[in-house]
Amino acid sequence: AHAAAVAVAQSPGKAYNPLFLYGGVGVGKTHLMQAIAFSILNKNPKAKIIYCMGEEFTNEIVNAIREKTTKEFKQRYRSTKLLLVDDIQFIAGKTAVQEEFFHTFNAIWRVGGQIVLTSDRKPEEISKLEDRLKSRFEGGLTIDIQAPDFELRSAILLIKAQQKGLKLPMDVAQLIASNITS
């Protein structure tokens, strides 16, 4: 997941488009997504980026329909170079929202813009998500992010200690890793 996020940040619209990250709560999906945006903004502070939650996208399109401002909504979303939507599963079952997201996705993708999505499950498992959206979401790279196991937690502790110039004995790293799961 980290390597894919770095590749997307270095070559948005070219590497893994869309990038679809899924997994349980607290595994770092949002952090990776936001790191991509920050990396791109570091290189190009004027880059047009939109980050929103699936619920926000839904609320914005509903309000745009109600207030008859869909033209402005479409112009704002479809002109971005990087669209990041957290918890995309929230749009499932909402016909008008899925319709608009489908066209927004296509408009951004067609001109080489990058799309990054997160969900609590893989696209094929999101019930009431239109097949055409499932197809789009699976068209790039889909990554399952799992909580780190004991060995990875131990390795992370040792790497972080080394980065900070601390000497952390292996048995201490393993003791901490066996008592911390997140």
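This write-up is about the structure you can find in this document. (Residues numbered from 1 in each chain as written. Predicted model: local features only at pLDDT ≥ 70, side-chain atom pairs only at ≥ 80, totals over all residues. Heavy atoms only, no water.)

### Some details on the packing of helix α3 (residues 54-67) against helix α4 (residues 70-78)
Stage number 1. Relative to each other, α3 and α4 sit at 145 degrees, their axes nearing to 8 Å. Here F57, E60, I61, A64 and I65 of α3 come into contact with α4, specifically with T70, F73, R76 and Y77.
Stage number 2. Here the residues of the contact of α3 with α4 sort into 6 nonpolar, 1 polar and 2 charged. (Axes fitted to C-alpha atoms, helices over the stretch in contact; angles between N-to-C directions. Helix = DSSP H or I, 4+ residues; strand = E, 2+ residues; numbered from the N terminus. Contact = heavy atoms within 4.5 Å. Nonpolar A, V, L, I, M, F, W, Y, C, P; charged D, E, K, R; others polar.)

### Concerning the pattern of salt bridges
Stage number 1. Across all of its chains, the model carries 8 salt bridges by this definition.
Stage number 2. Across the salt bridge formed by R66 and E67, the nearest N and O atoms sit 3.8 Å from each other.
Stage number 3. The network of salt bridges with common partners includes E99, E130 and R132. (Salt bridge = Lys/Arg side-chain N within 4 Å of Asp/Glu carboxyl O.)

### A word on the sheet that holds strand β1 (residues 19-23)
Stage number 1. The 5 strands lie next to each other as β2-β3-β4-β1-β5, forming an open sheet whose pairing is parallel. Whereas interior strands pair on both sides, the edge strands pair on one side only; in this sheet they are β2 (49-53) and β5 (141-145). Adjacent strand axes in the sheet meet at a mean angle of 10 degrees when their direction is disregarded.
Stage number 2. Pairing analysis gives 5 bridges linking β2 to strand β3 (residues 82-86), with the strands arranged parallel. Residue I49 lies in a different strand from β3, and its bridge partner there is L82.
Stage number 3. In the packing of α3 onto the sheet, contacts are made with β2 and β3, and the angle to β2 comes to roughly 100 degrees. (Pairing = 2+ DSSP bridges.)

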